[in-house]
Amino acid sequence: MGASQLPLDQFFETHEPRKKKEKPIKKEEEIIKTEKINDVEVKAPLTAENAAYLLSVEYNGKKGCAAARFYNPRDHLIHFWYDNSEHHPYCFSNIPIEELKKNTKITGHRGFLDIQTAEKQDLLQDRTTQMTKIIAKDPLSIGGTTGAIRELLPAAWEANIPYHKCYIADLELTPGLLYEVTDERLKNVTTVPEKIKDEISRLFEEEPNEVKELLVEGLPLFLSPIPDIKRAAIDIEVISPFVDAIPRPEQANFPVGCISIVASDGTKRILLLDNKDFERGEIQENLEGVSIEYFNEEKELIREIFQVFDEFPVILTYNGDKFDLLYLYNRALNHLGFRRDEIPIIIRKDFVALVRNFHVDLYRFFNNRAVQIYAFSAKYKTTDLNAVTKALLGIEKIKVEQPLSKLPLLDLASYCYRDGEITLDLTRYSQNLVWKLIMLLMRISHLPLEDVTRQGVSSWIQNLFYYEHRKKGFLIPRPEDIKEAKGEEASTQAIIKGKKYKGAIVIDPVPGVHFDVVVLDFASLYPSIIKVHNLSYETVRCPHEECKQNIIPDTDHWVCKKQRGLAGLIIGFLRDIRLKWFKPQSKNRILGKETQELFYVVQQALKLIINAFYGVFGAEHFPLYCLPVAESTTALGRHIITQTIEKAKNMGISVIYGDTDSVFLENPSESQIEDLKRWCQETLEIDLDIDKVYRYVALSERKKNYLGVYGSGSVDIKGLTGKKRHTPLFLQDAFFEMMDVLSEVKVQDDFETARNRIRTIVKTCLDKLKNLEYSLEELAFRVQMTRHLKSYQKTTPQHVKAARLLERDVEPGSIISFVKIKGEPGVKPIEIASIDEIDTEKYKNAVESTFVQVLDALNIDFGSIIGIRRLDLFM
DNA sequence: GCGGACTGCTTACCT
DNA sequence: ACAGGTAAGCAGTCCGCG
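Residues numbered from 1 in each chain as written. Chains lettered and ligands numbered in written order. Predicted model: local features only at pLDDT ≥ 70, side-chain atom pairs only at ≥ 80, totals over all residues. Heavy atoms only, no water.

Caption draft 1: Looking closely at a positive patch on the surface. A cluster of basic residues, Lys381, Lys718, Lys723 and Arg725, forms a positive patch on the protein surface. For Arg725, the position within the fold is in the loop between β23 (715–718) and α24 (729–743). Since its relative accessible area comes to 32%, Arg725 is described here as partly exposed. (Patch = residues over 30% accessible without salt bridge, like charges linked within 9 Å, V, L, I, M, F, W, Y side chains within 5 Å. Areas by Shrake-Rupley, 256 points an atom, 1.4 Å probe, with all protein chains shown as cover. Salt bridge = Lys/Arg side-chain N within 4 Å of Asp/Glu carboxyl O. Lys, Arg positive; Asp, Glu negative; His and termini not counted. Charge placed at Lys NZ, Arg CZ, Asp CG, Glu CD. Helix = DSSP H or I, 4+ residues; strand = E, 2+ residues; numbered from the N terminus. Buried < 20%, exposed > 50% of the residue type's maximum accessible area, 1.4 Å probe, protein only.)

Structure representation (structure tokens):
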């Protein structure tokens, strides 16, 4: 297959002219130096029989070159490979080479190596341009130190790309794929089953060559087997005398009392500091089959865990970057007298790494908003370990009644073990779904393992773009180049104050109950728009006079008719291969469970990237930020939904609601649906699909707020207060009781009985409230503190008021549980409130407004439901 | 001095 | 550290009120 003849040499000839073998060929040992972990170096070349998966590239300062790390699935070890292609860091200047050669500051720079001319394609101007390539001995000489080469130039291109990413792009490497070394070169040896390759290729027969090239490049990423890399989760507990304060990893003042190690090879260990002041307690149920090892000295315990780090190619933690590994490092170095070289941990700028293998902090991965929303449909709302495992695995952390530092040793061990176990399981459940997802995202973004799990979607997409630029010989524009070429003015005005441009539209709902509602939506609307309308930073407001007539509706922007835009090309390909192959085939039983599962994860990974594409063009910190692209995308989106609604109305269909990319149709006939779909396909070139069919939908006049009941009786609740996570539990419960009632409604007449049952629910709820039969926990509003307590300067929201009454540190992200009380200050955290302080009047209002949202839609008056007299009585 | 109208801040949600 | 749009509740401000 194509990828097995990776055109490295060809690449170097066209884009990377290299001095022809002036240097003596290195001896094999030097070229293929692999290291067995534990510092025992062995020669284990990456041969065809010994091929290994590329996991990362980094710059090795000692050796002065790029170092790649591979996972060998046979010995489960990490192997190192050092660059032998004489690749060096570089950047570009637009100053002619002769002139630059005279600049002695540059040619005399201590890191200066060479200077060359380079022909590059300038996409913004749509022309080729002569650039001067300045090559340096080390990355810091290009940038990152004072007086670096990029600072000596009036303007430098491609000077801000971290060297390891640069190396990956230039050698066209794909982390996550299988490599061997032949003829002293890294060679991708991934193979794709011929049959599948042929079938997919057929689907792309009509596509232009550029797309076919992407296909050849892309298929191995999606189809090659994903290694189930041996990995261990670790979790540490610190014995602190302070009950409420979480130990500070920077200080690491208290001993590490317990460490759990739970690994994919079946390893189950607990390392315990045998503290004689502590009660031992009894062995817990979940510790069966776990090896519990006692240490008299903390130093020995730490030494043991450092040893363990070397036994596994990948160490998993949950928040290890900010806590566990940082704590271990500082504890070992500053309190236990370890030498730096005895600690296998490196504190890097943005994360904590391991010297010889990999540290994956799952907290950072699950905290990624795109992962949370697109991969896991926002099943977890907060990203603490408990919330995530509860949502994904159905398992929770062990609940403890007393502070951790007061627990008997074996209870602590049990608690710690569970944390390790669920951390590992997060990567293992559903046939390693999360692990496979990570590996696929690595391949698609071409980012190393440690980067892809920590960086956001903008960085994934940035790297994917840069990779394609380098591969095609396109000059990567600087942010200011894009700004200058496109202007900074938006041509639309946002509805929300402080936003940069206008977004989607939401159709005013037609209030009331509507039976037999069909919801149609445009499949990945924004990605489709970007593809179909050729939107990209270089094509929107392109330099050609003749394209200026090609206006995007509702804006002053135009789009290129001459060149295919890179964004549209890439996203179009990713979208098409997902829709045409992976999504349908993931449901194809004939392929067998394993393949189906792989395809499911692939389409999930693609969805993640695809959905984020539009957003990054509107994000100022994205290096290819281009407001006109984002603005054109939403403008076309508005145009498309508006046209569709117009058409539907002309066809006599009643459109009762719509939001961004969806239209709610009341009781349309099948032929009407078909006609509308065909019209969209033919006129707008975007596919309109049936998303869901409701038995009935209840709409109020509020947007983004509705209730739909499916034929099966299950209820879809959108935006209603009763479902929001800060709503007190007693109210959520009453609300869901009402939902149960509504799910049984089949025809209009059923609302009569429903109404009576709802009346009972509301009355019971209000009665229990009046008699204070609810607990403080049930009455608590649970609101997240998104920032540090002191940062609330402008106003003091209630949850902040409550948090301040706690008189302790409250970490950003934590949930404050508070109740509303009579008199000042109006709220109290449940920790210090008592039931007789409750302000029932305020709660009554909350009950009313929650129910009113639904009753409004059913055209039922809240007063009538509980009876006006009751309301008076209540007060 | 106080309440209503208004704006702004904050959170949680929708697409 | 991907976007904008909407709802709700409260905090804070301004204005009128002989």
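Caption draft 2: A look at the sheet that holds strand β1 (residues 52–60). Taken in spatial order, the five strands of this open sheet run β3-β2-β1-β7-β8, and their pairing is antiparallel. The two strands at the open ends of the sheet, each matched to only one other strand, are β3 (77–82) and β8 (185–188). Averaged over all adjacent pairs, the angle separating strand axes in this sheet is 40 degrees, with direction ignored. Examined bridge by bridge, β1 and strand β7 (residues 178–182) share two bridges and lie antiparallel to one another. Directly across from Ala52, in β7, lies its bridge partner Tyr179. The sheet contacts of helix α7 (residues 163–170) involve β1, β2 (65–72) and β3, and relative to β1 the element is tilted by about 135 degrees. (Pairing = 2+ DSSP bridges. Axes fitted to C-alpha atoms, helices over the stretch in contact; angles between N-to-C directions. Contact = heavy atoms within 4.5 Å.)

Caption draft 3: Quick peek at empty space enclosed by the protein. Under the counting rule described, the total for this entry stands at four cavities of 30 Å³ or more. Here the largest cavity is characterised by a volume of approximately 120 Å³. If you trace the largest cavity, you find it lined by Leu214, Glu217, Gly218, Leu221, Phe222, Ile444, His446, Leu464, Glu468, Ile570, Phe573 and Leu574. Every element with two or more residues in the lining of the largest cavity is listed here: α9 (209–223), α17 (457–472) and α20 (566–585). Among the residues making up the lining of the largest cavity, the classes are represented as eight nonpolar, two polar and two charged. (1 Å grid on protein atoms, 1.4 Å probe; cavity = no way out; pocket = protein on both sides within 12 Å on 5 of 7 lines; lining within 4 Å. Points joined across faces, edges and corners; volume = space filled by probe spheres on them. Nonpolar A, V, L, I, M, F, W, Y, C, P; charged D, E, K, R; others polar.)

Caption draft 4: Quick look at the pairing of strand β25 (residues 815–820). Here strand β24 (residues 781–784) pairs with β25 via four bridges, running antiparallel. Across the sheet, Arg782 pairs through a bridge with Ser817, a residue of β25. Both β25 and strand β26 (residues 827–829) contribute to a ladder of three bridges, which runs antiparallel. Following the sheet pairing, Phe818 is matched in β26 by Pro829. Counting the residues that bridge the hairpin from β25 to β26 gives six residues, and of these Gly823 lies at a positive phi of roughly 70 degrees.

Caption draft 5: Broad picture of the protein's contact with DNA strand B. Of all residues adjacent to DNA strand B, which total 22 residues, the nearest are Lys497, Asp661, Lys704, Thr786 and Tyr792. Here Arg787 contributes a side-chain N or O atom positioned 2.9 Å from a phosphate oxygen of DNA strand B. Here a phosphate oxygen of DNA strand B and a side-chain polar atom of His799 are 3.3 Å apart. When contributions to the surface near DNA strand B are tallied by element, the ones reaching two or more residues are β23 and β24. Across the surface near DNA strand B, the residue classes break down as five nonpolar, seven polar and ten charged. (Near = heavy atom within 4 Å. Polar contact = N/O pair within 3.5 Å; in protein donor to acceptor, adjacent residues only side chain to side chain.)

Caption draft 6: Inspection of the packing of α9 against helix α15 (residues 409–445) at higher detail. Axis separation between α9 and α15 bottoms out at 9 Å; the angle between their running directions is 165 degrees. In terms of their interaxial angle, α9 and α15 are classed as roughly antiparallel. As for how α9 packs across α15, the hand of that crossing is right-handed. The residues of α15 that touch α9, namely those facing Pro220, Leu221 and Phe222, are Leu440, Arg443 and Ile444. Class assignment of the residues belonging to the contact of α9 with α15 gives a composition of five nonpolar, no polar and one charged. (Parallel < 35°, antiparallel > 145°, perpendicular 65-115°, else oblique. Left-handed = near helix turned anticlockwise from the far one by under 90°.)

Caption draft 7: Just the pattern of salt bridges, in detail. Scanning all chains against the criterion turns up 42 salt bridges. With a shortest N-O distance of 3.8 Å, Glu207 and Lys580 are connected by a salt bridge. With a gap of 373 residues between them, Glu207 in the loop between α8 (194–203) and α9 and Lys580 in helix α20 connect regions that are remote in the sequence. By relative accessible area, Glu207 is classed as buried at 17%.

Caption draft 8: Layout of the nonpolar core. If you look at the biggest cluster of nonpolar residues, it comprises 171 residues, and the most contacted ones within it are Phe222, Phe366, Phe376, Phe465, Ile577 and Phe617. In terms of residue count, the dominant contributor to this core is α15 (20 residues). When sequence neighbours within four positions are dropped, the list of residues in contact with Phe222 reads Leu440, Ile444, Phe573, Leu574, Ile577, Phe582, Leu598, Val602 and Leu606. Formed by 57 residues, the second largest nonpolar core is a distinct cluster that contains Ala698, Leu789, Ile821 and Val854. (Core = buried A, V, L, I, M, F, W, Y, C linked by side-chain atoms within 4.5 Å.)

Caption draft 9: Representation of the packing of aromatic side chains within the structure. Applying the stated criterion across every chain yields a total of 34 aromatic pairs. Arranged with centres 5.1 Å apart and planes meeting at 85 degrees, the rings of Phe582 and Phe599 form a pair that is edge-to-face. Remark: Phe599 occurs in helix α21 (residues 593–617) and Phe582 occurs in helix α20; sequence separation between them is 17 residues. The class for Phe582 is buried, based on a relative accessible area of 0%. (Phe/Tyr/Trp six-rings, centres within 6.5 Å; stacked < 30°, edge-to-face > 60°.)

Caption draft 10: The arrangement of the sheet that holds β26 in detail. The antiparallel open sheet is built from three strands, whose spatial order is β24-β25-β26. On the outer flanks of this sheet lie β24 and β26, each paired with one strand and no other. Strand-to-strand twist of the sheet, defined as the mean angle between neighbouring strand axes without regard to direction, takes the value 40 degrees. Contacts from helix α28 (residues 840–857) reach β24 and β25, with the element oriented near 115 degrees to β25.

Caption draft 11: Spatial organisation of the confidence of the model for chain A. Mean pLDDT over chain A stands at 89; residues scoring 70 or higher make up 93%. Residue range residues 1–43 is modelled with pLDDT below 50. Its contacts to residues more than four positions away, or to other chains, number 81 contacts. For the stretch residues 869–875, pLDDT sits under 50, and the model shows ten contacts to residues farther than four places along the chain or on other chains. (pLDDT = per-residue confidence, 0-100.)

Caption draft 12: Here's a closer look at α20. Between its first and last C-alpha atoms α20 spans 27 Å; for 20 residues at 1.5 Å apiece the expected length is 28 Å, and the two agree. Considering bend angle alone, the principal kink of α20 is centred on Arg578 and spans about 40 degrees. With 16 of its 20 residues buried, α20 lies for the most part within the structure. (Expected span 1.5 Å × (residues − 1). Bend = angle between axes of the 7 residues up to and from the residue.)

Caption draft 13: The protein's contact with DNA strand C, seen in detail. Close to DNA strand C lie 32 residues, the nearest being Ile496, Gly503, Arg702, Lys801 and Lys820. Atoms of DNA strand C within 4 Å of the protein belong to the sugar or the phosphate in 84% of instances, the rest to bases. With respect to DNA strand C, the backbone of Gly503 contributes an N or O atom lying 2.9 Å from a sugar or linking oxygen. Here a phosphate oxygen of DNA strand C sits 2.9 Å away from a polar atom, N or O, in the side chain of Ser849. Elements represented by at least two residues in the surface near DNA strand C include exactly α13 (369–375), α21, α27 (798–805) and α28. The element contributing the most residues to the surface near DNA strand C is α21, with four residues. Residues that form the surface near DNA strand C fall into these classes: eleven nonpolar, eleven polar and ten charged.

Caption draft 14: Here's a closer look at the environment of Tyr363. Within the element layout of this structure, Tyr363 appears in helix α12 (residues 362–366). C-alpha of Tyr363 to C-alpha of Phe515: the two residues are 152 residues apart in sequence and 44 Å apart in space.

Caption draft 15: Spatial organisation of the side chain of Arg454. For Arg454, the location among the structural elements is in the loop between α16 (449–452) and α17. Overall, the relative accessible area of 9% leaves Arg454 in the buried class. Polar contacts involving the side chain of Arg454 include one to the main-chain carbonyl oxygen of His359, which spans 2.9 Å. Setting aside residues no more than four positions away along its own chain, Arg454 makes contact with Asp321, Phe351, Val352, His359, Val360, Asp361 and Arg364.

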